[in-house]
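Chain by chain, the residues run as shown.
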Amino acid sequence: MGSMDEINTDVIQGTLDMLILKTLSLQPLHGFGIARRIEQVSRGVFKVNPGSLLTALQRLERAGWLDAEWRQTENSRRAKFYSLTRTGRKQLDIEAADWTRRVSAVARLLKAEG
Amino acid sequence: MVWRQLTRGLRGVFQRRAADQDAADEVAHYLEQAAAAHRARGLSPAEAVRAARLELGNATGVREQMREAGWESAFDDGVADLRYAVRRLRSAPGFTAVTVLTLALAIGTTTAIFSAVNPILFEPLPYPHAGRLLVIDDRSQDGTALDVTFGTFRELTQRSRSFDALAVLKSWEPTNTGTDAPERLNGQQVSAQYFRVLGVPLVLGRDFDPADDRPGGARTVIVSDALFRRRLGADSGLIGRSITLDGSPFTVIGVMPHGFENVSAPSAEVWTLLQYDPAPPSFDAREWGHHLRMVARLRSGVSVDAARRDLAGVARTSSAEFIRPPWASLKSGLLLTRLQDRLTETVRPALLSVLGAVLLLLLIACCNVINLLLARGAEREGEFAIRAALGAARPRLMRQLLTESVLLALVGGACGIAVAAFGIRILVALGPADLPRMVAIRLDTRAYVFALFITTVIGLGVGLVPALHASRGDLHAGLQQASRRSAGRHRTRRTLVILEVSLALVLLVGAGLLVHSLNRVLALPPGFDPAQVLTMQVQVAGPRFGPDSVTHRHYAQALEAVRRVPGVADAAFTSQLPLSGELPDAYGVALETNGGDPQHGDPALRYAVTGEYFDALRIPLVRGRYLDARDAAGSARSAVISLSYARRVLSGADPIGRRVRFGSDTSWLTIVGVVGDVKQSSLFSSDDAVYVAAPQWVWADHARWLVVRGLGAVTALAPALKQAIWSVDKDQPIVRVGTMTTWVAASTAVRRFTMIVFEAFALVALVLAATGIYGILAGGVTERRREIGVRTALGASRREILSLVVRQGMGLTGFGMVIGLGSAALASRALVTLLFGVSTLDPVTYAGVIVLLLAVALLACGVPAWRAARIDPAQTLRTE
């Protein structure tokens, strides 16, 4: 994507689903809202690729982790709002726990080296 | 979750537009929001939209990806493939029609044959634990099966330990009177346990009471569901009431369920008890005649072999309680056969070979279709190359081709069902009358499943070869002008043609051998002259015919009336008619030895005839005289014996004047003549026979065959003959009218049936092989136009070009024939039980088939060769 000297803002491989689930666990959002929230909360470290995001939303909804609803936005436009389902919440717990486990393992490895 | 997948997926399939619209709206909304965010950061509106688009990338691609999140996208691909396949096939109507037709014929024929063979040979009989149903036969000295006597049955019910139930039965054809029109019914006289042996409970009323199964017991009948509806108005109040059969009252005690199949006599509709004497007064009684069939239900947990040992033990050891006459001594043992094997033994080899033949036909048809697909693949090479160049993956192309072939097969299969429905009707019409379980031959679920199965297998099978060819090698080469690339395809096509020719040859040889056999069988002397002889069975029934004298008088008067009909040369009555297909009527014969005890022999056929019988059938006189007017009711009792009996028992001594005793007849008959042997049950049979004058026999037969030799066209006499008989008594049934020639033909029905099926299949195979040869040569000529043009330009004569093509075609044919001859020599061994008087390597048949196949192949080569010879070199060279 970016050239060598640009900072890598790609979402870490395999974490997009978890980031979406986490973001939606706070409040229902539409696609762009999710992308902006991830960007804001990560303080610009992650920029979400719109194509990947929309495809992922479709997939997660199909999997039953998200519910989708067409709603009017504040500027009276039709937008698809996603919210977390009960199974989605469980899935988030699983993925978060898994992620923590991996990250601490990586951290330990890095520490041991340093 | 599964539910969500399903509903959303189905929405994607059925409300495709709405689902697509949703995705488009979502993408559009995202773009709007992103653009708004960019504007908020200070970009101009146009720049903001551009930046948002840039971030998103290809909007169509994103929508496409979103759509692929669901399973329905794979379905969509399938639908797209299918749509494309339909379009491709419609754009080539000729190719599609020929392929579908070939497949429909092959699938339809195979399904029809399967529907016939499956219920007869492979499905169990329609009874609970049908594998336990067995048939027990007496064994004659030469090892063949013989009907059992009631005495043997009685002994086995007491002494055998292997069976739950045993029953004996014989056919019974009572006339039902007392309601509206009299009707002759088909039925059986059975012992009390018959329905317990079959294991089928009654639907209404009660089963037979064993206490009634003795002389003088209550006369009861159980009727079929069909008869219950037809004659008794399905009135359950009729249970316990009586109906009149043969002039006597019988109480209806029960009704069999709808759909009950009586495999031992499919047309039987009424059953009564045999009522034989459990303690027969003498060996001369009917209880000791070999005329009953015995069925048994094996006890659970007992093997057939154990039962066989049990029976052998009973046969070997005699008991004081059960004394056996010499003709039912069981000294040769008893035969135990599974009921299904017994029912199918006469047709099994024929059906299996027909099944084999249809599979060969199916294989040939598949070869032909593969060939057509390959030829079409050659035309479409450019198309595939372009699609590959545009990024179609190889598996995707293969899938496309397989979709096409499966679609072709499915259309062919659907048409094939129609062919099968038609084929089954032909099979049932052609099928020999002794084909068991005829009612089970129909297009049922099993047949549909079978058809679908072979259709799918064929669709994938025939598609695979062309698909592999199309996806093999460098597809890009197709875009360039290349003539070498089709070499592999050609090799496959040539192999297929060789295969087709060899398989067709196998079928042709089979058909040829069967035709020869049938001709040999029909050339067997029946012992009489069937030409210009009309026959019909004339019956009498009712209390009026109680006294024998009335019956005899009735037949005598009927015969006189028949003789007065113009066009009648000879007319006679006989108790049984040769080759009529009825069970033979045979009794043990005892010959009076010189002064000593009578010497008992095996059963001989009994014919109670009137004088002109021998003239009417032209049965030759060997010694002595025929029976005639001298042999009247009160005169000295005479008999005429067959040559085979005279030879076997008297071994050369003069039989005239010797005396025989026959069946339950207690007094002696003096032999007055010897006549030629007559085939009774089949053209192969050679049974001894004894002829007696009907008025001199111990009872008066109530069903006799009228045999009339006409002066001219004999079939036209039938109405006049019936009128003549009815002029004596209009209420007596006349059945089974037919010429002697038709009886002879009917006796070879299984052979004829197999032969016709083989002939039909061989003919289709020949046509398919010929089109295969034609197809490859025609395609070859088209592809080699340039080469042929060059050859002609370089001075090759038309004759040389002609021979070039013909040589190629005949080369393939010759190769196929060599393989075919070897295969035929092996495969025709499977036909050996169906052949008669012909070796499986019969040189005449093989030579005939070779000539026929060569001629047809030459014809198939002719057209392409002629076209090749007419190629104008100037024109072809210009187009290149």
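Note that the structure is a prediction, hence the values are computed from the model and not measured.

Rules used in this analysis
Residues numbered from 1 in each chain as written. Chains lettered and ligands numbered in written order. Predicted model: local features only at pLDDT ≥ 70, side-chain atom pairs only at ≥ 80, totals over all residues. Helix = DSSP H or I, 4+ residues; strand = E, 2+ residues; numbered from the N terminus. Contact = placed C-beta atoms within 7 Å. Rg over C-alpha atoms; globule rule 2.2 N^0.38 Å. Buried ≥ 20, exposed ≤ 12 C-beta atoms within 10 Å, placed from the backbone. Nonpolar A, V, L, I, M, F, W, Y, C, P; charged D, E, K, R; others polar. Pairing = 2+ DSSP bridges. Core = buried A, V, L, I, M, F, W, Y, C linked by C-beta atoms within 7 Å. Arc of directions from axis to C-beta. Axes fitted to C-alpha atoms, helices over the stretch in contact; angles between N-to-C directions. Parallel < 35°, antiparallel > 145°, perpendicular 65-115°, else oblique. Left-handed = near helix turned anticlockwise from the far one by under 90°. pLDDT = per-residue confidence, 0-100.

### Overview of the overall build of chain A
Consideration 1: A tally of helices and strands in chain A yields four helices and three strands.
Consideration 2: Taken from N to C terminus, the helices and strands of chain A fall in the order α-β-α-α-β-β-α.
Consideration 3: For chain A, restricting intrachain contacts to residue pairs at least 6 apart in sequence, the fraction spanning at least 24 positions comes to 48%.

### Quick notes on the overall build of chain B
Consideration 1: When you go through chain B residue by residue, the secondary structure sums to 26 helices and 24 strands.
Consideration 2: Taken against the 2.2 N^0.38 rule, which gives 29 Å for 880 residues, the C-alpha radius of gyration of chain B at 38 Å runs more than 25% over that of a compact globule.
Consideration 3: Based on the C-alpha atoms only, the size of chain B along its principal axes is roughly 135 × 80 × 55 Å.
Consideration 4: Expressed as a percentage of the 880 residues in chain B, the buried residues total 42%.

### Examining the interface of chain B and chain A
Consideration 1: If you look at the interface, chain B gives 20 residues, while chain A gives 17 residues.
Consideration 2: With eight residues, the single largest contributor to the side of chain B that touches chain A is helix α2 (residues 16–40) of chain B.
Consideration 3: Grouping the amino acids of the side of chain B that touches chain A by side-chain chemistry returns nine nonpolar, six polar and five charged.

### Observations concerning unusual backbone geometry
In most cases, non-glycine residues show a negative phi, while peptide bonds are predominantly trans.
Residue and element names in this part refer to chain B.
Consideration 1: With phi around 50 degrees, Ala 234 is a residue other than glycine that occupies positive phi space.
Consideration 2: Counting through the fold element by element, Ala 234 comes out in the loop between α9 (225–230) and β9 (242–245).
Consideration 3: Under the C-beta neighbour-count criterion, Ala 234 is labelled exposed, with 12 such atoms within 10 Å.
Consideration 4: Positive phi is not limited to glycine here, since Arg 736 has a value of about 50 degrees.

### What about the sheet that holds strand β3 (residues 78–84) of chain A?
Consideration 1: Taken in spatial order, the three strands make up an open sheet running β1-β3-β2 (chain A), and their pairing is antiparallel. Sheet topology places β1 (29–30) and β2 (66–72) of chain A at the edges, where each strand pairs with a single neighbour.

### Remarks on the nonpolar core
Residue and element names in this part refer to chain B.
Consideration 1: One finds Leu 507 and Ala 765 to be the most contacted residues of the largest nonpolar core, which totals 99 residues.
Consideration 2: Every element with two or more residues in this core is listed here: α6 (93–122), α12 (348–379), α14 (394–430), α15 (445–471), α16 (487–522), α22 (749–783), α24 (798–827) and α25 (843–869).
Consideration 3: The residues touching Ala 765, leaving out its near neighbours within four places in the chain, are Leu 361, Ile 364, Leu 503, Ala 504 and Leu 507.

### Section: helix α7 (residues 150–159) of chain B
Residues and elements named next belong to chain B.
Consideration 1: Taking burial as the measure, the ten residues of α7 include seven buried ones, the bulk of the element.
Consideration 2: Buried within α7 we find Phe 150, Gly 151, Thr 152, Phe 153, Arg 154, Glu 155 and Leu 156.
Consideration 3: Buried residues along α7 sit against β1 (133–139), β3 (163–172), β12 (293–298) and α10 (304–316).

### Looking at helix α23 (residues 785–793) of chain B
Residue and element names in this part refer to chain B.
Consideration 1: Taken together, the buried positions of α23 are Ile 788, Gly 789 and Thr 792. All buried residues of α23 project into a common sector of 105 degrees when viewed along the axis, lining one side.
Consideration 2: Looking one or two residues beyond α23, the residue adopting positive phi is Gly 795, at roughly 110 degrees.

### Here we look at the packing of α24(B) against α25(B)
Residues and elements named next belong to chain B.
Consideration 1: Look at α24 against α25: their axes get within 8 Å of each other, and the N-to-C directions meet at 150 degrees. When the interaxial angle is binned, α24 and α25 end up roughly antiparallel. In the packing of α24 onto α25, the handedness of the crossing is right-handed. When α24 is examined against α25, the residues Arg 798, Ile 801, Leu 802, Val 805, Val 806, Gly 809, Met 810, Thr 813, Met 817 and Leu 821 are found in contact with a partner set consisting of Tyr 846, Ile 850, Leu 853, Leu 854, Ala 857, Ala 860, Cys 861, Pro 864, Ala 865, Ala 868 and Ala 869.
Consideration 2: Partitioned by chemical class, the residues of the contact of α24 with α25 number 18 nonpolar, two polar and one charged.

### Quick word on the environment of Gln875(B)
Residues and elements named next belong to chain B.
Consideration 1: Within the secondary structure, Gln 875 is located in helix α26 (residues 873–879).
Consideration 2: Residue classification places Gln 875 among the exposed residues on the basis of 10 C-beta atoms within 10 Å.
Consideration 3: Along the primary structure Gln 875 and Ser 405 are separated by 470 residues, whereas in three dimensions their C-alpha atoms are 36 Å apart.

### Looking at the environment of Ala632(B)
Consideration 1: Within the secondary structure layout, Ala632(B) lies in the loop between β18 (621–624) and β19 (638–642).
Consideration 2: Residues Ala632(B) and Ala92(B), 540 residues apart in the sequence, show an inter-C-alpha distance of 82 Å.

### Focus on the pairing of strand β16 (residues 586–592) of chain B
Residues and elements named next belong to chain B.
Consideration 1: The buried count for β16 comes to five of seven residues, which makes it a mostly enclosed element.
Consideration 2: Of the strand pairs in this sheet, β16 and strand β20 (residues 659–662) are connected by three bridges, and their pairing is antiparallel. Looking at the pairing, Leu 591 lines up with Val 660 of β20.

### Observations regarding the environment of Leu352(B)
Consideration 1: Take Leu352(B): it is sitting in helix α12.
Consideration 2: Between the C-alpha atom of Leu352(B) and that of Val117(B), which follows or precedes it by 235 residues, the distance is 7.8 Å.

### Section: the packing of helix α1 (residues 16–26) of chain A against helix α2 (residues 31–41) of chain A
Residues and elements named next belong to chain A.
Consideration 1: Here α1 crosses α2 at 100 degrees, and the two axes come no closer than 10 Å. Overall, the two elements α1 and α2 adopt an arrangement that is roughly perpendicular. Contacts between α1 and α2 pair Leu 19, Ile 20, Thr 23 and Leu 24 from the former with Ile 34, Arg 37 and Ile 38 from the latter.

### Topic: the pairing of strand β11 (residues 270–273) of chain B
Residue and element names in this part refer to chain B.
Consideration 1: With burial as the criterion, each face of β11 is covered, one bearing Val 270 and Thr 272 and the other bearing Trp 271 and Leu 273.
Consideration 2: In this sheet, β11 lies alongside strand β8 (residues 220–223) in antiparallel orientation, the contact comprising three bridges. What sits directly across from Val 223, in β11, is Val 270.

### Regarding the confidence of the model for chain B
Consideration 1: Per-residue confidence for chain B averages 88 on the pLDDT scale, and 96% of its residues sit at or above 70.
Consideration 2: Predicted as a complex, the structure gets a pTM of 0.77 and an ipTM equal to 0.87.

### Digging into the confidence of the model for chain A
Consideration 1: In the predicted model, chain A carries a mean pLDDT of 85, and 93% of its residues have values of at least 70.
Consideration 2: The spread of mean pLDDT over the elements of chain A runs between β2(A), the lowest at 87, and α1(A), the highest at 91.

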